[in-house]
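Take a look at the letters that make up each chain.
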Amino acid sequence: MPESIFYQPIKYVKGVGEARAKILSKLGIYNVSDILSWFPRDYEDRSTFRKISEASDGEDILIKASLVSDITESRPRRNLTITKVMVSDGSAFLNLTWFNQKYIANSIKTGSEYYFYGKIKRTGMLLEMHNPVVEKVDSEQKITGRILPVYPLTKGLTQNNLRKITENALNMVRGKFQEILPASLRREYKLSEVNFSYEQIHFPSSFSNLNEARKRLVFEELLLLQLAMIHTKGENTAQKGIKYSPVDMSPLLDKLPFKLTDAQKKVFREIEADMESEKRMNRLIQGDVGSGKTIIAFLALYKAVKNGYQGVFMVPTEILAEQHYKSASKLFDDLGITVRLLTGSMKKREKDEVKKLTKDGKIDIVLGTHAVLEEDAEFYNLGLVITDEQHRFGVRQRAKLSIKGENPDLLVMTATPIPRTLSLVLYGDLDVSVIDALPPDRKPIKTYAVNDAMRERIYNFIRKNVAEGRQAYIVCPLVEESEQIEAESAEELAERIRENELKGLRVGLIHGKLRPSEKEEVMRQFVDGSLDVLVSTTVIEVGVNVPNANIMVIENAERFGLAQLHQLRGRVGRGSHQSYCILFNQSKSEISKQRMEIMVKSNDGFEISEKDLELRGPGDVFGVRQHGLPEFKIANLYRDMEILKEVQSAVRKIIDNNLLNEDCDYRPIKERLIEIYNKRVKE
């Protein structure tokens, strides 16, 4: 590939220059290659014109018509000019209006035919179009008579700017894209050639060409992602790990106040097989909220320590670290295993002591937060690294922990149920185990979707439960645009219920504007029972265990993703009392109703996340923030599920037949993978 052209700075493309290059950099566009991979988000069909009489309200259409009235101009106030004219194509009349486009009056005249493109507004029999695009019928047809791309923009750029720049960039590289997919692979999966695909994805000559181009580019993106992940996984599994000896687990199992479920036993057998093999363990445990992942982690830590190694268990919050520490101490102290806590808010003297003992090999298991990543947190003989809520810790942080030992085994855990269809894409670099059953003593949480008419009854219900010694959460939605608004709305709600509906109850408040230490303090008060009700934004989502809390009220439930609602619901139902989740749904929309019904009917996180994917698409599976999802330039995992299946079949053939190494037709793919891998390592 003549790379110099593709990697030429964007400022050298015709129509860009220094100032516009600065604006484009806000979109992550720095060179020619970047602009060609800035794919349209939609298309305007200006290729076929329709009769005015066929137009529906709200529809974008192209019509071919002549003026049937004089052009009028009015200035109702300063800085506003309105230009109006009536046109007809013989089937009906259409009123056209332009705002602040004074040049229009001189560019159209009676006696000529024009193309007009825009959105139809129908009021009774009256048809209007505001600010239509206009072009003379016998002109060279640059802006009508074709399918035009619609790009994501930023301030200072218009669609026309971006279309022109993209067209100029395409002209620079026409015919120069390197084809990395072998002809045999393209034939088998009916994939178009690469130069055709880039031309047609930006400026399609027909919708069938557009679909072909899109399929090819999605296929290539998903193929490279899957192969890159398998390469990473291969590197991990090829690495020699620690070969652990079998261990009698009964001293620990006998101390548990419950029997392991079959699902837990199955997952632990998979972990044991990994630990006893020579290859390094690199496993993800997916388990729904409350499925018992923590005990699996403790079993793995026990096995590591009994083999003479240290273990570290890293979690996202201090409260969670403290809860796990209490549970671990209860189990391990009598078994001669030393467990210590390491968190950011500990006094320096305490931290230094834990670090010194760990380095000297006097501590077997360290439970902590990000503090365990600090430079001076060293281990004597680290053999097992466990991270909880994997999406909160990136690959880089896992790697940072891993280099504190000699290729220690790695176990990552998540309670975010990923749809089975996505698991392969997101976690292709890890072996996945699923704990697919809850402990038998868990009572299903009763879930109700209600509207404001039920508010008084709900508050009375909270009062009744608090009087019986229980506690309740009330969660407000996260306002993505502004932490300020989010904090204010949570504060208002807390203030209102303290003074009115729940007067006399002890109400605490957590929101994003509080410092971490303040959040931890309020959460601690709730954990130890000195608060009855906790009003919060979604900061309570991860892992904290308050068995005494049995009511979860979620305000504006329609604003959350289903997977996120399920995570929040899982904060209750942890004790012996019947628990309840109440969803206040303010939306009248059909899709919102469907989503609430799914929550009311199902307690299965995997089923719920599958439905979430179906209803909202992959970008929203994790609610507001897209935890863990790779950044796709063109693929959409829900829409492109069929292509993904084809890609997975192609990947199997490539791997099973070792085509990347054995077949020279596959060399360009291998070279591209090396390029991707080197880039990732640099990042």
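Preceding this paragraph is the structure being described.
Peer 1: Got a minute to help me understand the sheet that holds strand 10 (residues 282-287) in this structure?
Peer 2: Note: strands within a sheet are paired through backbone hydrogen bonds, in either parallel or antiparallel orientation. The strand order across the open sheet formed by seven strands is 12-13-11-14-15-10-16, and the pairing between neighbours is parallel. The open sheet has two edge strands, strand 12 (339-342) and strand 16 (431-435), and neither has a second partner. Taken over all neighbouring pairs, the strand axes of this sheet differ in orientation by 20 degrees on average, direction set aside. In terms of strand pairing, strand 14 (residues 382-388) meets strand 15 (residues 409-414) through five bridges, oriented parallel. Across the sheet, I386 pairs through a bridge with L411, a residue of strand 15. Strands in contact with helix 13 (residues 348-359) are strand 11 (310-314), strand 12 and strand 13 (365-368); relative to strand 12, the strand with the most contacts, it is inclined by about 135 degrees.

Peer 1: Would you mind showing me how to read the nonpolar core here?
Peer 2: Generally speaking, nonpolar side chains in soluble globular proteins are found buried as a group. L24, I35, L36, F219, L223 and I669 are the most contacted members of the largest nonpolar core, which totals 58 residues. Excluding residues that lie within four positions of it along the chain, I669 makes contacts with I180, L181, P182, L223, L224, L227 and L660. Among the nonpolar cores identified, the runner-up in size contains 42 residues, and M249, V267, A300 and A321 belong to it.

Peer 1: Teacher, can you tell me more about the pattern of salt bridges here?
Peer 2: Side-chain pairs of opposite charge can arise whenever the charged atoms involved come near each other. Enumeration according to the criterion identifies 38 salt bridges in this entry. E167 is the salt-bridge partner of K164, the closest N and O atoms lying 3.7 Å from each other. With K164 and E167 both in helix 5 (residues 159-173), this residue pair falls three residues apart, about one helical turn. Exposure remark for K164: the relative accessible area of 45% places this residue in the partly exposed category. You can call E167 partly exposed: its relative accessible area is 23%. Taking the shortest distance from any N to any O, the salt bridge between R506 and D532 comes out at 2.9 Å. Separated by 26 residues along the polypeptide, R506 in the loop between helix 17 (483-499) and strand 19 (507-510) and D532 in the loop between helix 18 (516-527) and strand 20 (533-536) bring together distant segments of the chain. Judged by relative accessible area, which is 40%, R506 ranks as partly exposed. Taken together, the shared-partner salt bridges in this structure form one network comprising E179, R186, R216, E220 and R672.

Peer 1: How should the environment of G58 be read in this particular structure?
Peer 2: Mapping G58 onto the fold places it in the loop between strand 1 (42-45) and strand 2 (60-67). A relative accessible area of 39% means that G58 is categorised as partly exposed. Those residues in contact with G58 that sit more than four places away from it in its chain are K119 and I120.

Reading the values: rules and limits
- Residues numbered from 1 in each chain as written.
- Predicted model: local features only at pLDDT ≥ 70, side-chain atom pairs only at ≥ 80, totals over all residues.
- Heavy atoms only, no water.
- Pairing = 2+ DSSP bridges.
- Helix = DSSP H or I, 4+ residues; strand = E, 2+ residues; numbered from the N terminus.
- Axes fitted to C-alpha atoms, helices over the stretch in contact; angles between N-to-C directions.
- Contact = heavy atoms within 4.5 Å.
- Core = buried A, V, L, I, M, F, W, Y, C linked by side-chain atoms within 4.5 Å.
- Buried < 20%, exposed > 50% of the residue type's maximum accessible area, 1.4 Å probe, protein only.
- Salt bridge = Lys/Arg side-chain N within 4 Å of Asp/Glu carboxyl O.

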